[in-house]
Amino acid sequence: MAFHHQDRKDLHRFPSELLSRHTNHHSAIKRNRRHSPFWQKLFAGSSSVAAVTLLLLLLLPDQTHGRQTPTHSSLSEPPPLTFSPRGLTNTFQISIFEDLHFGENAWEKWGPLQDASSIRVMNSVLDSEPSTNLVVLNGDLITGENTFKENSTTYIDQIVEPMVRRGLTWASTYGNHDSAFNLSREALFEEEKKWLSSRTGRMVTTNEEAGVTNYYLPVYPARCENINPKVVRRRARQPWYRWAFWNLVHINHFYPNQNQNQNQQTASGGECDTPALILWFFDSRGGNKYQQRHPKTGQLLSEPNWVHQSVVDWFISTSASMAAKAGGGGADGKGRIIPSIGFVHIPTNASLALQQGQQGQQQGGVDAHRQPGINDDQPLSQQGQGWCANGEDGEGCGYGEQDVPFMEAIASIPGMMALFSGHDHGNTWCYKWDGKVPGVQQKAVVAGEDDEGEGEGNGHGYGRGRGIDLCFGQHTGYGGYGSWIRGSRQIVVDQEGLKEFAIRTHIRLENGEIVGAVTLNATYGQDRYPATPNDKTHLADPALQEFR
């Protein structure tokens, strides 16, 4: 699908029809200038050209709207996320797009048709969910094994189009298909960060095996919407030529200085220093290593498919530091608890145990009315699948238990309410996990059964011993396997509902309908809900004829 947007600056990525139009346009300009002696005189000398160029550099805005040039990737950042006042309450809504699988067989007719259909799904969902505050791209953005090295990352431009044209920001995790011989996670990240609206981060850089998309995003209360600490850094990062010019002529007031912004933040700070919600993003890796083969066999080298130990260590230490700043506490369950939600592409072995009915005294696995959703991928594919316990990618190894440290951390960190995964296209359910699965001895808590500190609800309500909900989304893309109806899981967090550590969630389908609407609270798993229909859609459906 061609991408027409004023924010694009890459001429070499324009469609061929625009290139020809662009070339003809410049030819016309050259013909017109032959009959313009005024311009010939003005630009007769190189010194005049240099002077005009410098003046334009000084006066033109330094920020681009939407996409930023690679040489100025740090000139602007999105403002902090905040809850939005809506009626009598403040809410924060997330739309999850997962398993888009762009780039499959681009040389055949059905390949681009798939991508165009995926864009249609994204547009339909966002039109039906106008209250979306953030879009999460939860892995497998691209089918890397079907792409070429020269253009494997350019599919990002198509993927983000629905968000850019609506002024929405997004945050990504990368999946196993986002690492391939011709596609690297690092290059994908660099391409994504050329867009000003991308919130995707990389906070674990001490170990090159950690992956890329390991980071967190704080969400502040609605009353803190005017607090923008990143503006300070953004305005301080002026290009050297503009910085020198403005200081030379003493008009620094044109850009508010750092002290001025800091004073404004302090005056409005206090209760806005602590986030109301934390969004955690984890890279479960997987796929194949970029441009690497086995020296003897020539086979592609596999990338480990679990959250790395260094990421687990970072998660534990960072969450403890946040709790301490918020009033003390951490993994010991003491002090104030900050509610949080996690995103990772490949689910953990805990989800498999729940699906197979191996949790505690509960038997029977996923129930259509207590855990509504499609449950066709049985058994699901968890982290560590296909790896041996010694870390080797050997034949005959079913599961190496490498995700146990990550499960232990998720189960022990107070405040973690839910973990959302993709990967298994045929699963769309949520299941409450109490942490009691083989290999994990921790008991999952949100506000600790022995907690004497105060959470958002001062330790009252459903936060105490609530457990963690492990959820799948909805297959969004027409790429990848399966024909389950496409859609997007929606997460709606009410600022008041956080006092009881409650989350509302539903799935918005591509046809506009809503299924699987549930409330993830202390009684989820006991409450009964309508079963989710198992509908299918195909590229040959009449609704898609417009793309043929």
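The structure under discussion appears in the preceding block.
Since we're looking at a predicted model, the values are computed, not measured. (Residues numbered from 1 in each chain as written. Predicted model: local features only at pLDDT ≥ 70, side-chain atom pairs only at ≥ 80, totals over all residues. Heavy atoms only, no water.)

Draft legend 1. Quick peek at the state of the cysteines. One pass over the full model with this rule turns up 3 disulfides. With a sulfur-sulfur separation of 1.9 Å, cysteine 224 is cross-linked through a disulfide to cysteine 272. On the S-S bond that ties cysteine 224 to cysteine 272, the torsion sits near -90°, and the link is left-handed. Linking cysteine 224 in the loop between β6 (215–220) and α8 (230–236) with cysteine 272 in the loop between α10 (258–268) and β7 (277–282), this pair joins segments that are 48 residues apart in sequence. (Disulfide = S-S within 2.5 Å. Helix = DSSP H or I, 4+ residues; strand = E, 2+ residues; numbered from the N terminus.)

Draft legend 2. Up close: the pattern of salt bridges. Enumeration over the complete set of coordinates arrives at 11 salt bridges. Aspartate 127 is the salt-bridge partner of arginine 166, the closest N and O atoms lying 2.7 Å from each other. In this pair, arginine 166 is assigned in the loop between α6 (161–164) and β5 (170–173) and aspartate 127 in helix α4 (residues 110–128), connecting sequence segments 39 residues apart. Between lysine 289 and glutamate 209 there is a salt bridge; the shortest N-O distance is 3.7 Å. Of this pair, lysine 289 sits in strand β8 (residues 288–293) while glutamate 209 sits in the loop between α7 (185–192) and β6, and the two are 80 residues apart along the sequence. Several salt bridges share partner residues, and in doing so they unite Glu209, Lys289 and Glu303 into one network. (Salt bridge = Lys/Arg side-chain N within 4 Å of Asp/Glu carboxyl O.)

Draft legend 3. Just the packing of aromatic side chains, in detail. Going through the model one piece at a time under the given rule, you end up with 16 aromatic pairs. Measuring from centroid to centroid gives 4.9 Å for phenylalanine 282 and phenylalanine 406, while their planes differ by 70°, and the two rings are edge-to-face. Here phenylalanine 282 is found in strand β7, whereas its partner phenylalanine 406 is found in helix α13 (residues 404–412), with 124 residues between them in sequence. Of the residues examined, phenylalanine 282 reaches a relative accessible area of 0% and is grouped as buried. Residue phenylalanine 406 is classed as buried on the basis of its relative accessible area, which comes to 1%. With 5.0 Å between their ring centres and 75° between their planes, tryptophan 429 and phenylalanine 472 make a pair best called edge-to-face. Placement of tryptophan 429 in the loop between β11 (416–421) and β12 (430–433) and of phenylalanine 472 in strand β13 (residues 468–472) is noted, with a sequence separation of 43 residues between them. Phenylalanine 472 shares its class with tryptophan 429; the two are buried. Chaining the aromatic ring pairs together yields one cluster made of Tyr216, Trp280, Phe282, Trp314, Phe315 and Phe406. Above the ring of tryptophan 306, the side-chain terminus of arginine 285 is found at 5.4 Å from the ring centroid. (Phe/Tyr/Trp six-rings, centres within 6.5 Å; stacked < 30°, edge-to-face > 60°. Buried < 20%, exposed > 50% of the residue type's maximum accessible area, 1.4 Å probe, protein only. Lys NZ or Arg CZ within 6 Å of the ring centre and 35° of its normal.)

Draft legend 4. Region of the structure containing the sheet that holds strand β10 (residues 340–344). In space, the 7 strands of this open sheet follow the order β1-β6-β7-β10-β11-β13-β12, with mixed pairing throughout. Each having just a single partner strand, β1 (81–82) and β12 make up the two edges of the open sheet. Note: β11 against β13, 4 bridges, orientation parallel. Residue pairing in the sheet places serine 421 in a bridge with phenylalanine 472 of β13. Sheet strands in contact with helix α11 (residues 309–325) are β6, β7 and β11, and its direction is about 170° off that of β7. Here α13 sits on the sheet in contact with β7, β11, β12 and β13, set at roughly 80° to β12. (Pairing = 2+ DSSP bridges. Contact = heavy atoms within 4.5 Å. Axes fitted to C-alpha atoms, helices over the stretch in contact; angles between N-to-C directions.)

Draft legend 5. Spotlight on α11. Relative to the 24 Å expected for 17 residues at 1.5 Å per residue, α11 spans 24 Å between its end C-alpha atoms, a close match to the ideal helical length. The secondary structure elements touched by the buried residues of α11 are β6, β7, α13 and β11. Glycine 327 sits one or two residues past α11 and shows a positive phi near 130°. (Expected span 1.5 Å × (residues − 1).)

Draft legend 6. Structural context of the environment of proline 162. By the element assignment, proline 162 lies in helix α6. Note: C-alpha distance between proline 162 and serine 124 (38 residues apart in sequence) is 9.6 Å. Setting aside anything within four residues of it in sequence, one finds proline 162 in contact with Ile119, Met122, Asn123 and Leu126.

Draft legend 7. Here's a closer look at the pairing of strand β3 (residues 89–97). Most of β3 sits inside the fold, with 7 of its 9 residues counted as buried. Counting the residues between successive antiparallel strands, the hairpin from strand β2 (residues 84–86) to β3 contains 2 residues, one of them, glycine 87, with a positive phi of roughly 65°. Examined bridge by bridge, β3 and strand β14 (residues 487–494) share 6 bridges and lie antiparallel to one another. For isoleucine 96, the partnering residue across the bridge sits in β14 and is arginine 489.

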